[in-house]
Amino acid sequence: MSKSAPAESGITRAAESVPSNMSKTLNSSEVDLTQERKVTRIGDWVAPAPSSKLGEYQRMADDDEAREPGLRGALQCVGSCVVGRIPMLGWLPQYDVRNDFFYDFIGGATIALICLVQTLAHAAIATTKVIQGPYCAFVPPFVYAVLGTSPHASISSGAIAAILIADQLQYFHDEEERTELASLLALISGGMLVAMGLCRAAYAVRFLSQSLISGFVTGGSVLILVGQLKNLLGLEKMRHAIGVIDQVRAIYEALPETRVIGLCLGLSMIMVLQVMMWLKKYTVAQLKSQGPHPSWMKPAKIVSEMKELVLVGISIAFAIFTCNGDEPILPVVGTIPPGLPPFQVPWRLPAAKSMLETHFRLQEFFMGGFLVALTSFLTTYATSKKQALQHGYQIDASQEMFALGMAGTCGSFFGSFTPSGSLSRTSLAGEVGVRTQMSGLMKIVVVGTSLKFLTPVLYYLPKATLAAIILRSTWQLVDFKTPKTLWSSWRPYHQGGMRRDFVVWWIAFVLTVFLGVLWGIGAAVFVSVAMIVHDAAMPRTVTLGRIESLGNIWRDVEVWSEGRTFPGVLTVEFRGPLSFASADWFMEELERKKFLEAKRGNKVHVVVLSFGSVHDLDKTAIEMFRDLLTVWRKY
């Protein structure tokens, strides 16, 4: 084995530890670089001389030695733990009412009005009663405002979470049963998130890769598009169907019952939505450019951002004016119970009690709850993290998991299904000037008032309008650009290709569409983890050659064909951890490369091992080296 090159003259071990900024700002006379190097948990540093200008080493606030001893220190520790778990106790005493309240109230009210309409659509996606959507915008945002760390996160219902919920509820025919079981699912998934947040297990979502999420969301979007054709066509008597193929067959059988007026209204609303989206894109681009701007542009931007609310108002007015007596001429949402959500224990609801007693799909329900928990957290955290980076603050992933879990758990006792964040609403929160979590408290005031007084108006909301909102918004989730990009990089993984991601995408997409979300995500995660295990157990072992045209650096001769090798010398690089899982593989690869060299007529006398890419070495690997050297010494 080759040894590393000796250090250049004039550079000592201690000098190598000096930070670059220290070497630039201080003269050699000011700091004795030959002092003993000290190691702390903060970093690897060289203590400055007493006469240096750096001053005393300042401990960080969370250092154990920085805390005061005795009772005061213990109280400080308890207080920091409580504030860390309930962030509201940290920001509320310092809340600036004069500067922040106006922006939080206006921003919270604006988002609440948009949220109220979106939650109706998300309840339709989840195949529960439409009132369960607004219930998601009442208790969960309040709980998250108390426990969450992101001032911009908009917690209520979400399209992706609704896809997963609908997948778990498709085996139950009655809408009342599905609504009750959705609350039980919220309790299960919320409890799992709380436990994972307390255990600081936010890393679990890392097993859901970008390709997996894209394939699953695209497959789920196809399920939504097929499922909402029923409401768009006005097929009130269509039979209940399970699976996409059965749904297509059921829609085809019920086509003669199509309500033409509702279909025309739905298609018109889709066109209006598209125009609104174009208007928003145009006004945003214009307002970002240098002024002056026309006076109508800012109001037009606001209207385009509240496009769902505008559509609901137009369609309700149309349904009221076209009534035949007191009866609407097209399918409408119907009676919605007025008032705030009642307190109900989820496991005591009739449908939940029946499931717990009969165990019908109980195991699948818990597995589905775990996937709902992970996916809802992933979408919420991703959108919140994006806003945190844009506005320059930090969020705690484990606390976010705990807060979202508590929001779902508490909401399940008030008729809510699993809450989630929303990319559009979270982005809008930053645009309308939301500054603190107080906006979440403002949201429950608007939603609560709407539930108390406006539910009779929603009786006339056409189902075709809800279908139009869902179809247009869901179409944005369909992502066929990702597999196209991955296909253009169809090369082996070690050559920088995306072959693996392409396979994972199609597994998630196909299985989600034809077997359901649970199979789609589960199989894709299994394949992804299997690839990770394969990489850990069988890392690449490459033969290196010297590239003289690049300054005699050494590269993989499989990629760099001009690499120069030397007779009797085999230079090998192992690219991965060398542990109990990969030790045997390393020996096999080494012997295989020696055999191939001998077969080419180049008998190996010297083996040079490059371990620059080996970041882990355990006891099994060390014993393997001893055995290997013992064998080699015999020759």
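In this text the structure is predicted, and so the values were computed from the model without any measurement. The residue numbering used here restarts from 1 in each chain and proceeds along that chain's sequence as written. Only residues with pLDDT of at least 70 are given local features in this predicted model, and only at 80 or more are side-chain atom pairs given and counted; all residues enter the totals for whole chains, interfaces and linings. Working from all heavy atoms in the structure, the side-chain values ignore hydrogens and water.

## Points about the overall build of the chain
When its secondary structure is counted, the chain shows 25 helices and six strands. Sorting the 635 residues of the chain into buried and exposed places 47% on the buried side. Contacts between residues were defined by any pair of non-hydrogen atoms, one from each residue, lying within 4.5 Å. Of all intrachain contacts in the chain linking residues separated by at least 6 positions in sequence, the fraction that spans at least 24 positions is 75%. Throughout, the Shrake-Rupley method with a 1.4 Å probe supplies accessible areas, and for residues the shown protein chains are the sole cover considered. Summing over all exposed atoms, the chain offers an accessible surface of approximately 33,300 Å²; the carbon and sulfur share of this is 61%. Strands here mean DSSP runs of E at least two residues long; helices mean DSSP runs of H or I at least four residues long; both are numbered from the N terminus. Relative accessibility thresholds used throughout: buried, under 20% of the residue-type maximum; exposed, over 50%; partly exposed, between the two (1.4 Å probe, protein chains only).

## Some thoughts on the packing of aromatic side chains
Pairs were defined over the aromatic rings of Phe, Tyr and Trp, the Trp ring being its six-membered one, requiring ring centres within 6.5 Å. Orientation was assigned from the angle between planes: stacked under 30 degrees, edge-to-face over 60, tilted for the rest. Tallied over the entire structure, the rule returns 21 aromatic pairs. Their ring planes at 70 degrees and their centres at 5.5 Å tell us that Phe 343 and Phe 414 sit as a pair that is edge-to-face. Here Phe 343 is found in the loop between helix H14 (307-321) and helix H15 (350-358), whereas its partner Phe 414 is found in the loop between helix H17 (397-412) and helix H18 (423-431), with 71 residues between them in sequence. Looking at Phe 414, the relative accessible area reads 26%, which means it is partly exposed. Relative to Phe 586, the ring of Phe 574 has its centre 5.1 Å away and its plane inclined at 85 degrees; by these criteria the two rings are edge-to-face. Here Phe 574 is found in strand E5 (residues 569-575), whereas its partner Phe 586 is found in helix H24 (residues 583-599), with twelve residues between them in sequence.

## Quick word on helix H25 (residues 619-632)
Its 14 residues place the ends of H25 20 Å apart at the C-alpha level, agreeing with the 20 Å of an ideal helix rising 1.5 Å per residue. Within H25, burial applies to Ala 621, Met 624, Phe 625 and Leu 628. Relative to the axis of H25, the buried residues are bounded by an arc of 100 degrees and lie together on one face. Of the surrounding elements, those touching the buried residues of H25 are H24 and strand E6 (606-610). A helix is expected to reach a length of 1.5 Å times the quantity of its residues less one. Directions are taken from the helix axis to each C-beta atom, and the arc is the one they span.

## Examining a nonpolar patch on the surface
A residue counts toward a patch only above 30% relative accessible area and without a salt bridge, and it is joined to like-charged neighbours within 9 Å or, for Val, Leu, Ile, Met, Phe, Trp and Tyr, to nonpolar neighbours within 5 Å. Throughout this description, the term salt bridge denotes a Lys or Arg side-chain nitrogen within 4 Å of a carboxyl oxygen of Asp or Glu. A cluster of nonpolar side chains, contributed by Val 97, Phe 101, Phe 102, Tyr 103, Phe 105 and Ile 106, occupies part of the molecular surface with about 560 Å² of accessible area. Structurally, Phe 105 is set in helix H4 (residues 97-125).

## Description of unusual backbone geometry
You will see that Arg 361, though not glycine, has its phi angle at about 55 degrees, which is positive. With respect to the element layout, Arg 361 can be found in the loop between H15 and helix H16 (362-391). The class of Arg 361 is partly exposed, set by a relative accessible area of 22%. The residue Asn 552 is not glycine, and still its phi comes out positive at about 65 degrees.

## Topic: H17
Its 16 residues place the ends of H17 23 Å apart at the C-alpha level, agreeing with the 22 Å of an ideal helix rising 1.5 Å per residue. Here H17 lies mainly inside the structure; 14 of its 16 residues are buried. N or O atoms closer than or at 3.5 Å make up a polar contact, with two conditions inside protein: a donor-capable atom paired with an acceptor-capable one, and, for residues adjacent in sequence, both atoms drawn from side chains. Between the side-chain oxygen at the start of H17 and the backbone nitrogen of Ser 398 there is a gap of 3.1 Å, and the oxygen is on Asp 396.

## Some remarks on the pairing of E6
Strands pair, by our definition, only if DSSP identifies at least two bridges between them. Note: E5 against E6, five bridges, orientation parallel. Bridge pairing links Glu 573 to Ser 610 in E6. Handedness is read with the strands pointing away from the viewer; a crossover is right-handed when the path from the first strand over the helix to the second is clockwise. As for the winding sense of the linkage, the β-α-β connection from E5 through H24 to E6 is right-handed.

## Quick word on the sheet that holds strand E3 (residues 540-547)
Pairing is mixed across the open sheet formed by four strands, whose spatial order is E4-E3-E5-E6. Single-partner strands in this sheet number two, and they are strand E4 (553-556) and E6. Adjacent strand axes in the sheet meet at a mean angle of 40 degrees when their direction is disregarded. The pairing of E3 with E4 spans four bridges and is classified as antiparallel. Each bridged residue has a counterpart across the sheet, and for Arg 546 the counterpart in E4 is Trp 554. Only the contacting stretch of a helix is used when fitting its axis, a line to C-alpha atoms as for every element, and angles between N-to-C directions run 0 to 180 degrees.

## Things to note about the environment of Leu 609
For Leu 609, the position within the fold is in strand E6. Sequence separation of Leu 609 and Glu 573 is 36 residues, and the distance between their C-alpha atoms is 5.9 Å.

## Points about the pairing of E3
Counting buried positions over the eight residues of E3 gives six, a clear majority of the element. The turn joining E3 and E4, which pair antiparallel and follow one another in sequence, is formed by five residues; a positive phi near 85 degrees is taken by Gly 551.

## What about the side chain of Asp 618?
As for its placement among the helices and strands, Asp 618 is situated in the loop between E6 and H25. At 2.8 Å, the side chain of Asp 618 forms a polar contact with the backbone nitrogen of Phe 580. Non-local contacts of Asp 618, meaning those with residues more than four positions away in its chain, are made with Leu 578, Ser 579 and Phe 580.

## What to know about the side chain of Ser 154
With respect to the helices, strands and loops of the structure, Ser 154 is situated in the loop between helix H6 (139-147) and helix H7 (159-169). Of note is the side chain of Ser 154, whose polar atom sits 3.2 Å from the side chain of Lys 443. Discounting chain neighbours no more than four positions away, the residues touching Ser 154 are Ile 111, Ser 420, Gly 421, Ser 422, Arg 425, Thr 426 and Lys 443.

## Digging into the nonpolar core
Among buried residues, the Ala, Val, Leu, Ile, Met, Phe, Trp, Tyr and Cys ones that are joined through side-chain atoms within 4.5 Å form a nonpolar core. Leu 181, Leu 184, Phe 216, Phe 365 and Ile 521 are the most contacted members of the largest nonpolar core, which has 106 residues in total. With ten residues, the single largest contributor to this core is H4. With sequence-adjacent residues up to four places away left out, Leu 181 is seen in contact with Leu 169, Phe 172, Ala 351, Ala 352, Met 355 and Phe 365.

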